[in-house]
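Okay, here's what each chain looks like letter by letter:
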Amino acid sequence: MYTLSDFDFDLPPELIAQTALTERTASRLLEVDGSVTPPHLYDRSFADLPGLLAPGDLLVFNDTRVIKARLFGQKASGGKIEVLVERVIDNRTVLAQIRASKSPAPGTVLHLADAFDVTVGERVEPFYTLHFPEDCYTLLETYGRLPLPPYIEHDADAADETRYQTVYARNPGAVAAPTAGLHFDDALFARLDALGVQRATLTLHVGAGTFQPVRVDNIGEHKMHSEWYEITPALVDAIAATRARGGRVIAVGTTSMRALESGAQAALAAGGAPGTLRAGSAETDIFITPGYRFQLVDRLVTNFHLPKSTLLMLVSAFSGMETIRAAYRHAIEQRYRFFSYGDAMILSRVEIQDTPKAAA
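Keep in mind it's a predicted model, so treat the numbers as computed, not measured.

In this section: the overall build of the protein. From N to C terminus, the protein includes seven helices and 17 strands. A globule of 360 residues ought to have a C-alpha radius of gyration of about 21 Å, and the protein, at 21 Å, matches this closely. Element-wise, carbon and sulfur atoms account for 49% of the exposed surface of the protein, whose accessible area totals about 15,400 Å². Here the protein contributes 34 positively and 43 negatively charged side chains, and the mean placements of these two sets differ by 1 Å.

We now examine the environment of Ala26. Tracing the backbone through its elements, the reader meets Ala26 in the segment before β1 (28-33). A residue is classified by how much of its surface remains accessible, and Ala26, at 46% relative accessible area, is partly exposed. Along the chain, Ala26 and Asp48 lie 22 residues apart, while their C-alpha atoms are 9.9 Å from each other.

Partitioning the protein into structural domains gives domain 1 (4-66 + 161-348) and domain 2 (70-143). The C-alpha centroid of domain 2 is placed 32 Å from the C-alpha centroid of domain 1. If you look at the interface, domain 1 gives 10 residues, while domain 2 gives eight residues. Summed over both partners, the interface of domain 1 with domain 2 comes to about 610 Å²; 48% of that surface belongs to carbon and sulfur atoms. Here domain 1 and domain 2 share one salt bridge between them. Where Glu283 meets Arg87, a salt bridge forms, and the shortest distance between an N and an O atom there is 2.6 Å. The interface formed by domain 1 and domain 2 contains two residue pairs in polar contact (both at pLDDT 80 or more).

For the rest of this paragraph, the subject is the nonpolar core. Nonpolar side chains in soluble globular proteins generally cluster together in the buried interior. Counting 68 residues, the largest nonpolar core has Tyr164, Leu235, Ile239, Leu260 and Phe338 as the members making the most contacts within it. If we ignore the near neighbours within four places in the chain, the residues touching Phe338 are Phe9, Leu11, Leu15, Ile16, Ala17, Phe304, Tyr328, Ala331 and Ile332. Among the nonpolar cores identified, the runner-up in size contains 24 residues, and Ile67, Leu71, Leu140 and Ala208 belong to it.

Along an α-helix, residues three or four positions apart point the same way, because every turn accommodates 3.6 residues. If you check helix α5 (residues 254-269), its first and last C-alpha atoms are 22 Å apart, about what 16 residues at 1.5 Å a residue would give, namely 22 Å. Among the residues of α5, those classed as buried are Thr254, Thr255, Ser256, Met257, Arg258, Ala259, Leu260, Glu261, Ser262, Gly263, Ala264 and Ala267.

Right, let's talk about the sheet that holds strand β16 (residues 299-303) for a bit. Across the sheet, nine strands lie side by side as β2-β1-β17-β16-β14-β3-β12-β13-β15; this open sheet has mixed pairing. Unpaired on one side and paired on the other, β2 (40-45) and β15 (280-284) mark the two borders of the sheet. On average, each strand axis in the sheet is inclined to that of its neighbour by 25°, with strand direction left out of account. Sheet topology note: the strand β14 (residues 249-252)/β16 ladder contains three bridges and is parallel. Following the sheet pairing, Val252 is matched in β16 by Val301. Contacts between helix α4 (residues 233-244) and the sheet are confined to β3 (58-62), β12 (198-204), β13 (227-231) and β14, with β3 contributing the most and set at about 155° to the helix.

The calculated volume of the largest pocket comes to roughly 620 Å³. What lines the largest pocket is a set of 29 residues, and nearest its centre among them are Arg70, Leu84, Arg99, Leu148 and Pro150. Looking at the lining of the largest pocket, the elements with two or more residues in it are β5 (70-75), β6 (80-90) and β7 (93-99). Along the lines of polarity and charge, the residues of the lining of the largest pocket split into 17 nonpolar, five polar and seven charged. Counting the residues that make up the lining of the largest pocket, at least three belong to each of domain 1 (4-66 + 161-348) and domain 2 (70-143). Estimates place the volume of the second largest pocket at around 390 Å³. In terms of lining residues, the second largest pocket is bounded by 28 residues, among which Thr210, Phe211, His305, Leu306 and Leu311 are the most central.

Mapped onto the elements, Thr93 comes out in strand β7. Look at Thr93 and you get buried, because its relative accessible area is 12%. Sequence separation between Thr93 and Leu296 is 203 residues; the distance between their C-alpha atoms is 35 Å. Dropping the residues within four chain positions of it, Thr93 is found in contact with Val88, Thr129, Leu130 and His131.

Cut-offs applied
Residues numbered from 1 in each chain as written. Predicted model: local features only at pLDDT ≥ 70, side-chain atom pairs only at ≥ 80, totals over all residues. Heavy atoms only, no water. Helix = DSSP H or I, 4+ residues; strand = E, 2+ residues; numbered from the N terminus. Rg over C-alpha atoms; globule rule 2.2 N^0.38 Å. Areas by Shrake-Rupley, 256 points an atom, 1.4 Å probe, with all protein chains shown as cover. Lys, Arg positive; Asp, Glu negative; His and termini not counted. Charge placed at Lys NZ, Arg CZ, Asp CG, Glu CD. Buried < 20%, exposed > 50% of the residue type's maximum accessible area, 1.4 Å probe, protein only. Domains from an automatic or database assignment. Contact = heavy atoms within 4.5 Å. Buried area = accessible area lost by both parts, 1.4 Å probe. Salt bridge = Lys/Arg side-chain N within 4 Å of Asp/Glu carboxyl O. Polar contact = N/O pair within 3.5 Å; in protein donor to acceptor, adjacent residues only side chain to side chain. Core = buried A, V, L, I, M, F, W, Y, C linked by side-chain atoms within 4.5 Å. Expected span 1.5 Å × (residues − 1). Pairing = 2+ DSSP bridges. Axes fitted to C-alpha atoms, helices over the stretch in contact; angles between N-to-C directions. 1 Å grid on protein atoms, 1.4 Å probe; cavity = no way out; pocket = protein on both sides within 12 Å on 5 of 7 lines; lining within 4 Å. Points joined across faces, edges and corners; volume = space filled by probe spheres on them. Nonpolar A, V, L, I, M, F, W, Y, C, P; charged D, E, K, R; others polar.

The structure is reproduced here in structure tokens:
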């Protein structure tokens, strides 16, 4: 039985990347081969990625776009508040976290960004419902600030507004970037296209819960925040075609992984065959831990994750506990950059016999 301490490691603070590199593909890429013991680890550049793929492989990207979800303001009493939008419910309603000296009651009016008022609605633990006076996407884009992760110590600036967004971001709704995708640029896409590597997209709006620490020692007791995702019929067809030609399905980021595996679980629940995908939109709180049996994803491109995080548990489930431990030790020794603006690794699925853990 795994406990929280099994996913802890010591990370020198200076290895937490605070800014993005000038060139997206200049980041480092650790190739991890966990099919052998000990795992083989190869230090590469992210620009080397096409050489690790093959014609007919399929890269699956999350095309969510980060919204300017952070707002500052005040209550009628003059007390200062900070609002972090977690999710857009409809054009004039959001769920949000509120930092204030006292929790605002339903009906409270908050004045935000010295520009507009919102009204507090019902509490949806741990969030508040906020009602906007007009289209919330427009107001957030005009008056909001980019919500950088808590471990990045500077306020978002103009450079962050470009670099904390993937070049293919399309559907607004995330409050955190799908960071594995930050390494791709148009020149790299052109090389992948020339090689015959296929591309497809899905949407999963990443919530602030991605940074929520696990606070229970028994990880099976941890409750994930749910996130909205959508899988199109075009993606279902692309996956089927990839399987038919013998190609590999490669998730770009853990958000793509969670959406794909959620869609595979939905297909199973509807009577579909293992390894198939169900189109549609839904909520997912899937929690992937060692012992989970992956249905769709063969390889994973991902950044390096926080100690004791659900994302570290996910990659450990995918490639094996000892493989990930070895990869992280190597990354620290070789001074890789960690977290959102950091370097990446490419992992392969390893069928392992770890103690099973539930996946919702």
